[in-house]
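Here's the letter readout for the chains.
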Amino acid sequence: GRSIQDILDVLSALEVLYHGTADIDALGLVDHPRLAARTDITTQFDAAIEASRNALAQIPRPLSENLEPEAPVRAAFDELAGVQRVIQTDIMNVLGLTQSFNDADGD
């Protein structure tokens, strides 16, 4: 009965990873010189997170009892995919990272 809240918690964790936290003076990915120079990516990331939160808010809870009509769930899925695209394409490319898998990844 906590699926949507779990997703929201992950979005919050991604924001902390990206932006850091001022209360403990922790840096985030945005503080990397390559990302700091690309405010367009930060804008895209923030917009994708906000759009995902808004789409999730349209789904009545608990999710398991509200899979129909499918439209709000599909909209949330699509918005979350937008967050994934920003991370996997824009952020990883700017930082020069490559997504890869290894024998210990649990597959």
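Our subject is the structure listed above.
Parameters at a glance
Residues numbered from 1 in each chain as written. Predicted model: local features only at pLDDT ≥ 70, side-chain atom pairs only at ≥ 80, totals over all residues. Heavy atoms only, no water. Core = buried A, V, L, I, M, F, W, Y, C linked by side-chain atoms within 4.5 Å. Buried < 20%, exposed > 50% of the residue type's maximum accessible area, 1.4 Å probe, protein only. Helix = DSSP H or I, 4+ residues; strand = E, 2+ residues; numbered from the N terminus. Contact = heavy atoms within 4.5 Å. Polar contact = N/O pair within 3.5 Å; in protein donor to acceptor, adjacent residues only side chain to side chain.

Participant: Which residues make up the nonpolar core, and what values do they have?
Facilitator: One recurring pattern in soluble globular proteins: nonpolar side chains tend to sit buried together. Within the largest apolar cluster, 20 residues are counted, with the highest numbers of intra-cluster contacts made by Y18, L35, L56 and I91. Broken down by secondary-structure element, the contributors of at least two residues to this core are α1 (3–19), α3 (39–57) and α4 (70–95). Not counting the four nearest positions on each side in its chain, Y18 is found in contact with G28, L29, V30, L35, I41, T42, F45 and I91.

Participant: Give me the lowdown on the side chain of S52, citing residues and values where you can.
Facilitator: Mapped onto the secondary structure, S52 falls in helix α3. One polar contact links the side chain of S52 to the main-chain carbonyl oxygen of A48, over a distance of 3.0 Å. Not counting the four nearest positions on each side in its chain, S52 is found in contact with L11, E79, L80 and V83.

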